[in-house]
Amino acid sequence: MKPASFVYVRPGSRSEIVAALAEHGADGKVLAGGQSLVAAMNFRLARPGVIIDINRAGDLDYLRPSGDVLAIGALTRHAAFHKPPVEGPLGALLAKVVRHIAHYPIRQRGTFTGSLAHADPASEWCLVAATLGAEMVIANNNGERTCPAAEFFRGTFTTAVGEQDLLAEVRLPMLGAGWRSGFHEFSRRAGDFALAMSLAALKLENGVITAARLGVGGVSDRAIRLSKLEQELVGKPPSKALFQDVAASAQAGIRPTADIHGSSEYRSDLIRAVVGRALTEAAA
Ligand SMILES: Cc1cc2nc3c(=O)[nH]c(=O)nc-3n(C[C@H](O)[C@H](O)[C@H](O)COP(=O)(O)OP(=O)(O)OC[C@H]3O[C@@H](n4cnc5c(N)ncnc54)[C@H](O)[C@@H]3O)c2cc1C
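What counts, and at which threshold
- Residues numbered from 1 in each chain as written.
- Predicted model: local features only at pLDDT ≥ 70, side-chain atom pairs only at ≥ 80, totals over all residues.
- Heavy atoms only, no water.
- Pairing = 2+ DSSP bridges.
- Helix = DSSP H or I, 4+ residues; strand = E, 2+ residues; numbered from the N terminus.
- Contact = heavy atoms within 4.5 Å.
- Axes fitted to C-alpha atoms, helices over the stretch in contact; angles between N-to-C directions.
- Phe/Tyr/Trp six-rings, centres within 6.5 Å; stacked < 30°, edge-to-face > 60°.
- Lys NZ or Arg CZ within 6 Å of the ring centre and 35° of its normal.

A.B. asks: Got a minute to help me understand the sheet that holds strand β12 (residues 196-205) in this structure?
C.D. replies: Whenever strands of a sheet pair, they do so through backbone hydrogen bonds, lying parallel or antiparallel. With antiparallel pairing, 4 strands are arranged side by side in an open sheet as β11-β12-β13-β14. In the strand order of this sheet, the two ends are held by β11 (179-186) and β14 (224-225), each with one partner. Of the pairings in the sheet, the one linking β11 to β12 comprises 8 bridges and is antiparallel in character. If you follow F186 over to β12, its bridge partner there is A196. Sheet strands touched by helix α10 (residues 264-283): β11, β12 and β13 (208-217). Its angle to β11, the strand with the most contacts, is close to 150°.

Structure (structure tokens):
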């Protein structure tokens, strides 16, 4: 299949991009890595009138540690995380997760923010953003606003990014000393989207969990942060029994979606398995 005809524009900077988005309104569509959009256009699932290619906007290509956050510009490719982009637990976590995203050539083009703007429920970066409580910077011709992850993801392929908006930057909290992470994903083949996955980050001090982040992805219309279960972990020493209890509670609290790849019951079992393994890895 070939895409329907479209007009192609290639702004050279963030300000030119938001001006183009304002000019073309509902007809305009941002092209980042193209790894999801071009396939949708070829299948005619998407028929944008104007493609706004952001790949020449050098001012959006950055990974910037800034105080207690890592700022990720809109042109940062998945491949930028093949090696830890910053020292410490956050860098290690990102480098661990990226290996599960698609395949090497796709990771050279696809972008971190493109994954978030696309909001596939089985996106690894969406799980990272939801679980760690990322902050999104959304820009348009009138200025910019920030949006917490809890309000950003609205459902399958739906976010707080409006028709004239650019997701310009994502800010991830820099996990400090004492934090460690675990990630576990189940997919049918390496590089496939996850049937279920879990991210756990634990802060351990003197053998006790003093803070926790826990999330599940691939089982619902969006990644789910399990805030109540995070609280159940805090104040306790890590143990197999604790993690089994929390994993069972995660399973009990989520009614997963079903599709041709797996029934709701199957995914429900997977939730228990991936949460338990992510927690165990984080504590190891
Ligand atoms: C074979 C295959 C396997 C894959 N497997 C996985 C996987 O396992 N896990 C995974 O997470 N992904 C997977 N992907 C998707 C891949 O990660 C994409 O790179 C990602 O979903 C979208 O990023 P992109 O930069 O390519 O965005 P594009 O395809 O360019 O855009 C996607 C959508 O987001 C919008 N958009 C992009 N950037 C912005 C922005 N800055 N502001 C506003 N809107 C924007 C576009 O308008 C479009 O609607 C796979 C893709 C393929 C082809």
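A.B. asks: Even after reading the chapter, I still don't get the packing of aromatic side chains, so can you show me in this structure?
C.D. replies: Describing an aromatic ring pair means giving the distance of the ring centres and the angle of the ring planes. For the structure on display, the rule yields 5 aromatic pairs. For the pair F186 and Y266, a centre-to-centre distance of 6.4 Å together with 90° between the ring planes defines the contact as edge-to-face. Of this pair, F186 sits in strand β11 while Y266 sits in helix α10, and the two are 80 residues apart along the sequence. Through a chain of ring-to-ring contacts, the aromatic side chains of F81, F112 and W125 assemble into a single cluster. Over the ring of Y62 we find R64, and its NZ or CZ is 3.8 Å from the ring centre.

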